[in-house]
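For reference, the chains in residue letters:
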Amino acid sequence: MRQLSFFVDGESSSEGRGRLDAESERLLRAFGEGRLHEGASRRSVLRETSQLRSIARECGSPGRPLPLAAAFGDVALVGRALREPRAPISRSTGRTRLRATQRFLRIVGPRIGRDAASDLAALDALLPARPASCWHSTGTLVAGEAGRRRRRGPTLDGADLRRIVDAAGNGGGASAVRDRALAAVLCFSGLRIEEAVALRWEDLETRLTPTGYYGLTAAIERRGRQLRLPLPGPSADALEALRESVDPAGGEPSGGVFRTSRGQDRPLGYRAARNVLVEACRRAGLPPAESSELRAGCAHWLRAQGLSEHEVRSVLGLARVRSVDRLLARHGALDAQRRVREQFAG
Amino acid sequence: MAQLTLAGFERLVAPPPRANRRRGVPRSPARGPDDEFTRAYLRRLAARGAAPKGIAAYRYQLCAVLRAASRLARVRVALPELFRDEALLGRAIVDDVAADGRAKLSRWTLAQRRSAVRSVASMMRPELLPLLGEEPGRVVDRALRGAAERVGAGYRLTGGTPRRRGGFAPSRDQVAALLVAVGRAPGYEGPRNRAFLGILAGTGSRVNALRLLDGADCLVLPNGRLRVYLHEKGKSERREVELSAEAARDLQAYAQAFNRHAAARGCTGRVRLGEPGAVWRNADGRRWGYGAVVELLRAGCVAAGIPPCGPHALRRAFATEAASRLPRHVVAQAGGWQGIERLDEHYVQPRDATIWEKLSGPRDQAHGTDDRARPTDAPVVVLR
């Protein structure tokens, strides 16, 4: 939260790391305020500000970033930084960098004596482009690798997920029940890590399902909407076990579900939750699983339980069924390989 | 034609001579024009995340276009000035005469050449736009239309020979005989040959994807299954392939045999599944070469008494064998085909023996021909 308050209290989160000169920082602050005024989210503003710092570094010499006013005073220099960055970047970073540049020229450009319209036109001419496919596209090509740079983990199935949950609970210590519940929620529900660590006991509710079955549900906010996701058996059981360990008297606990072992009231952080998961994967004999891989494993497990793709989408809280297809694509390929192997062996 | 040079770019230097290349031997690092314009283009291509092989291929194609243009114009031509001469650009792109002046290039090669030129037009737009005074992509379009045949409502390029695809697909028995034959090699080579060709035949993988496998891309799961992550053609993400128990055993047997061989020879390199380092190696501990694989297959086919075939024949064999037992979309998913069009047209080759075997078998084994009544079948008409 401290990083997100950067533009509110004027305090820098980077504490000198990657900071530019005072004048550039002042321009960045003006840019951030302008963007927030337009209604941009703080996260987007932070990312764009970070990319503007990168552009200043790309325009300068190694270790000596160019002041932003000087860098944006020469659009050709910025164009070159966007076309051929010194360090490899991802395609999404390239796109953000271009957007940040355009917005900086529009918001801050006039303050440093630049004509935003002509600078934007000059920038367009300096960037590679392919013929536009429609009226609202310029066809501009940005630098950056389209593929992922991290090594992909294995495709997980239900057995692997159970192994991870069991391994999380085998760590011993006072936090074993919490770790097991956390791993179960991450493996066997549609909750993402940031949603799981923000979960409060008040968000959990046992509801009567249309089939007369009482099931645990979790309320979360996603895409600006309140969702109530059903928690499948393994995650619900682990949460019940955690509830009993927190309040053996059988009362209704309140506050954060996953808390640090030191301070009773401090919720577990994203990084700490991720460490719990990585450690559980290691104990289970698997490489560290990413959130999307756990969701894909959960989707496959739900399909094996007999749920349709649309039902899986509802359980995971996804916006589109195509996302379920994408999650299950690797499982589909492995299942196909298995079928071929069985035929060849038979 | 006078040499044009863009501001800030060096003049074109003479391209290095093309190396003689034997069939089946991989091309050495592609050579191409070595001026600042091309270097800037290749830098931008790399910044976009293009694969090194793709960059090398485009560089090679640009060299071929320039060579063709220089031959047609009887004067050395650089890329920027080629874009200023639409007619010459079009003729150079569709020119299907190989470097030796006799052979005809394939349509596939010409398509790659067009892609390379279009890529230059896109990536070097900032430099070409002021030079040409219009979008470089439009210049390429006009150049191609000028060299194409007007047909109906569009244009058609007629150059190049159709790409040859398909070929001999060994049967299951022939693949088994081949594996036995190559597995007889002494020392670690027998286990290596058997494991390598066994995985090719059992998973339908491409030969270079498997040959370039790294130890870090092998993963033993807690349930004992071995998964390998192979490069997938045209994709940045690797394909996950789960090996059969037999293939996994063969691979581990090869790793042990090679490590014994390396220890005896005093080599430092070891094959370790799960750790970085080449998996498939030759006697010196270096990565096993493509030429050696082709040579092995040729010798193996002779020893097994089957028609000579290349490594891709095992992919065809996989597709044919699997498609005779499973739906095509399952085969495409299992073998990493994007859709079933290519699989249908070039890989699956129904065998007469399989067809007759199925035709002469019991009727109820065939798909959808079982006409026996089931308990749930309701009579359509009841006769009294």
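Residues numbered from 1 in each chain as written. Chains lettered and ligands numbered in written order. Predicted model: local features only at pLDDT ≥ 70, side-chain atom pairs only at ≥ 80, totals over all residues.

Draft legend 1. Expanded view of the overall build of chain A. Looking only at helices and strands, one finds 15 helices and three strands in chain A. Seen through its C-alpha atoms, chain A measures out along the principal axes to roughly 65 × 55 × 40 Å. In chain A, buried positions account for 37% of the 346 residues. (Helix = DSSP H or I, 4+ residues; strand = E, 2+ residues; numbered from the N terminus. Buried ≥ 20, exposed ≤ 12 C-beta atoms within 10 Å, placed from the backbone.)

Draft legend 2. Representation of the domain arrangement of chain B. The assigned domain composition of chain B is domain 1 (36-156) and domain 2 (172-360). Computed from C-alpha atoms alone, the centre-to-centre distance between domain 1 of chain B and domain 2 of chain B is 37 Å. (Domains from an automatic or database assignment.)

Draft legend 3. Seen up close, the interface of chain A and chain B. If you look at the interface, chain A gives 38 residues, while chain B gives 32 residues. Sorting the residues of the side of chain A that touches chain B by element identifies α7 (116-126), α8 (158-169) and α15 (321-345) of chain A as the ones contributing at least two each. Counting residues per element, the side of chain A that touches chain B draws most heavily on α15(A), at 11 residues. For the side of chain A that touches chain B, the class distribution of residues is 20 nonpolar, seven polar and 11 charged. (Contact = placed C-beta atoms within 7 Å. Nonpolar A, V, L, I, M, F, W, Y, C, P; charged D, E, K, R; others polar.)

Draft legend 4. Representation of the sheet that holds strand β4 (residues 226-230) of chain B. Residues and elements named next belong to chain B. Within the open sheet, the three strands sit side by side as β3-β4-β5. Their pairing is antiparallel. Only two strands of the sheet have a single neighbouring strand rather than two, namely β3 (218-220) and β5 (239-242). Taking the axes of each pair of neighbouring strands and ignoring which way they run, one obtains an average angle of 25° across the sheet. Relative to β4, β3 runs antiparallel, the two sharing three bridges. When the sheet's bridge partners are listed, L219 is paired in β4 with R227. (Pairing = 2+ DSSP bridges. Axes fitted to C-alpha atoms, helices over the stretch in contact; angles between N-to-C directions.)

Draft legend 5. Structural detail: the sheet that holds strand β1 (residues 204-208) of chain A. All names here are of chain A. The strand order across the open sheet built from three strands is β1-β2-β3, with neighbouring strands paired in antiparallel fashion. The sheet is open, and its two borders are formed by β1 and β3 (225-230), each paired with just one other strand. Going across the sheet, the axis of each strand differs from the next one's by a mean of 40°, ignoring polarity. Two elements, β1 and strand β2 (residues 214-222), share five bridges in a ladder whose sense is antiparallel. Bridging from a neighbouring strand, R207 pairs with G215 of β2.

Draft legend 6. Layout of the pairing of β4(B). Burial of β4(B) is extensive: four of the five residues sit out of reach of the surface. Connecting β3(B) to the antiparallel partner β4(B) that follows it, the hairpin turn spans five residues, and B:G224 within it adopts a positive phi of roughly 90°.

Draft legend 7. Fine view of the nonpolar core. Counting 56 residues, the largest nonpolar core has B:L197, B:V228, B:L243, B:L251, B:L314, B:A319 and B:V331 as the members making the most contacts within it. Among the elements that take part in this core, helix α13 (residues 312-323) of chain B stands out by supplying seven residues, more than any other. Within the second largest apolar cluster, 49 residues are counted, among which are A:A168, A:A218, A:V276 and A:A299. (Core = buried A, V, L, I, M, F, W, Y, C linked by C-beta atoms within 7 Å.)

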